[in-house]
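Fold and geometry: a report
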Amino acid sequence: GAGLGVAAEPAANGSGTDHAIQLALSGPARIHRRPDGKPELGGADGRAVSAANSDTLSLAVTGRSIVGCDVEPVVARPSEQWCALLGGERTRLAELVASEAGESADTSRTRIWAAMECLKKAGLPLTTPLCLGNAKPDGWVLLSAGSMSVATFVATTRHSNGPLAIAVLAGDAHAGV
């Protein structure tokens, strides 16, 4: 019911996230940037927008409800560094995700980091509780934050040097967290 549009394209083509946003909208749009760089759509249709990019991939999501997205390269870091980035509760969530999804700790920690970035881009506090919904056999890991869902997937593209954690958040901002 969120009316999501999602688009991903190689960042190497130099078009940046504005082109990915237009692809997610299935057409041209006036895109404005706030002083913090967050994109907003011109016009009165009320659609929300979020965009992210890595060195190799531009990602955009649009919808009628609150949205957020992120793409992060999976990076190996010492456990102490991950714990400092994620905090204790989110580190334990990453351990659960690693166990349920059958993946490395660095992969699950990067998933959680990307989900946290979605929360931030959606304007939610970083302290918003994040819970594991389920880990699907096809590689999708679904997380929840109150009435919002964060779908995550890890993939390697032709243009990436390694796996990328991709996260998309959608939900009802008025239902509460």
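Please read these numbers as outputs of a predicted model, since none were measured by experiment. (Residues numbered from 1 in each chain as written. Predicted model: local features only at pLDDT ≥ 70, side-chain atom pairs only at ≥ 80, totals over all residues. Heavy atoms only, no water.)

**A few points about the overall build of the chain**
Note the cut-off: Secondary structure elements follow DSSP: runs of H or I of four or more residues count as helices, runs of E of two or more count as strands, with numbering from the N terminus. For the radius of gyration, the atoms used are the C-alpha atoms, and the globule rule reads 2.2 Å times the number of residues raised to 0.38.
On a plain count of helices and strands, the chain comes out with four helices and 10 strands. Secondary structure elements of the chain, listed N to C terminal, follow the sequence β-α-β-β-β-β-β-α-α-α-β-β-β-β. Computed over the C-alpha atoms, the radius of gyration of the chain is 16 Å, within 12% of the 16 Å expected from 2.2 N^0.38 for a compact globule of 177 residues. C-alpha extents for the chain along the principal axes are approximately 45 × 40 × 30 Å.

**Quick notes on the sheet that holds strand β1 (residues 5-10)**
Keep this limit in mind: Note on pairing: two strands pair once DSSP finds at least 2 bridges between them. With axes taken as lines fitted to C-alpha atoms, and helix axes fitted only over the stretch in contact, angles between N-to-C directions fall between 0 and 180 degrees.
One open sheet accounts for three strands, arranged β1-β5-β4; its pairing is antiparallel. For this open sheet the edge positions go to β1 and β4 (48-53), each flanked by a neighbour on one side alone. The average angle at which neighbouring strand axes cross in this sheet is 10°, direction not considered. Pairing analysis gives six bridges linking β4 to strand β5 (residues 57-63), with the strands arranged antiparallel.

**Remarks on the environment of G162**
Where we set the bar: By the convention used here, residues are in contact when the closest approach between their heavy atoms is within 4.5 Å.
Mapped onto the secondary structure, G162 falls in the loop between β9 (148-155) and β10 (164-171). Sequence separation between G162 and D138 is 24 residues; the distance between their C-alpha atoms is 19 Å. With residues up to four places along the chain from it excluded, the contact list for G162 reads A155 and T156.

**Thoughts on the packing of helix α2 (residues 79-86) against helix α3 (residues 88-101)**
Under the convention used in this document: Note on terminology: angles under 35 degrees are roughly parallel, angles over 145 are roughly antiparallel, angles of 65 to 115 are roughly perpendicular, and the others are oblique. A crossing counts as left-handed when the near helix is turned anticlockwise from the far one by less than a right angle, and as right-handed when that turn is clockwise. Residue polarity is assigned by list, with Asp, Glu, Lys and Arg as charged and Ala, Val, Leu, Ile, Met, Phe, Trp, Tyr, Cys and Pro as nonpolar; anything else, Gly included, falls into the polar class.
Two numbers describe how α2 lies on α3: the axes approach to 7 Å, and their chain directions differ by 120°. Our classification of the angle between α2 and α3 gives oblique. Along this stretch, α2 crosses α3, giving a crossing that reads as right-handed. Contacts from W82, C83 and L86 in α2 reach G88, R90, T91 and A94 in α3. Residues of the contact of α2 with α3, tallied by class, amount to four nonpolar, two polar and one charged.

**Focus on the pattern of salt bridges**
Where charged atoms of side chains with opposite charge meet at close range, the side chains can pair. Stated formally: Definition used for salt bridges: Asp or Glu carboxyl oxygen within 4 Å of a side-chain nitrogen of Lys or Arg. Accessible area is worked out with a 1.4 Å probe on protein chains only. A residue is then buried under 20% of its type maximum, exposed over 50%, and partly exposed in between.
If you walk through the whole model with that rule in mind, you get five salt bridges. Residues R111 and E103 are paired through a salt bridge, measuring 2.9 Å at the closest nitrogen-oxygen approach. Here R111 and E103 have matching classes, each one buried. A single network of salt bridges, built from pairs that share partners, joins R34, D36 and E40.

**Focus on the state of the cysteines**
Definition in use: The disulfide criterion is simple: two cysteine sulfur atoms within 2.5 Å.
Tallying each qualifying case throughout the model produces zero disulfides. Just so you know, C69 is unpaired, no disulfide at all, and the nearest cysteine sulfur is the one on C118, 6.3 Å from it. Free of any disulfide, C83 has its nearest cysteine sulfur in C131, 18 Å distant.

**Brief notes about the packing of α3 against helix α4 (residues 105-121)**
The interhelical angle for the contact between α3 and α4, taken along N-to-C directions, is 125°, at an axis separation of 8 Å. In terms of orientation, α3 lies oblique with respect to α4. Judged by the sense of rotation from one axis to the other, the crossing of α3 with α4 is right-handed. Between α3 and α4, the residues in contact are R90, L93, A94, V97 and A98 and A105, S108, R109, R111, I112, M116 and L119, respectively.

**A few points about the side chain of S108**
Relative to the elements of secondary structure, S108 occurs in helix α4. The class for S108 is buried, based on a relative accessible area of 1%. In this view, S108 contacts A94, V97, A98 and E103; residues no more than four positions away in its chain are not counted.

**A look at the nonpolar core**
Note the threshold: Here, nonpolar core means buried Ala, Val, Leu, Ile, Met, Phe, Trp, Tyr and Cys residues that are tied together by side-chain atoms lying within 4.5 Å of each other.
Counting 22 residues, the largest nonpolar core has I112, L124, L130, L143, V150 and L169 as the members making the most contacts within it. Of all the secondary-structure elements, those providing two or more residues to this core are α2, α3, α4, β8 (141-145), β9 and β10. The element contributing the most residues to this core is α4, with six residues.

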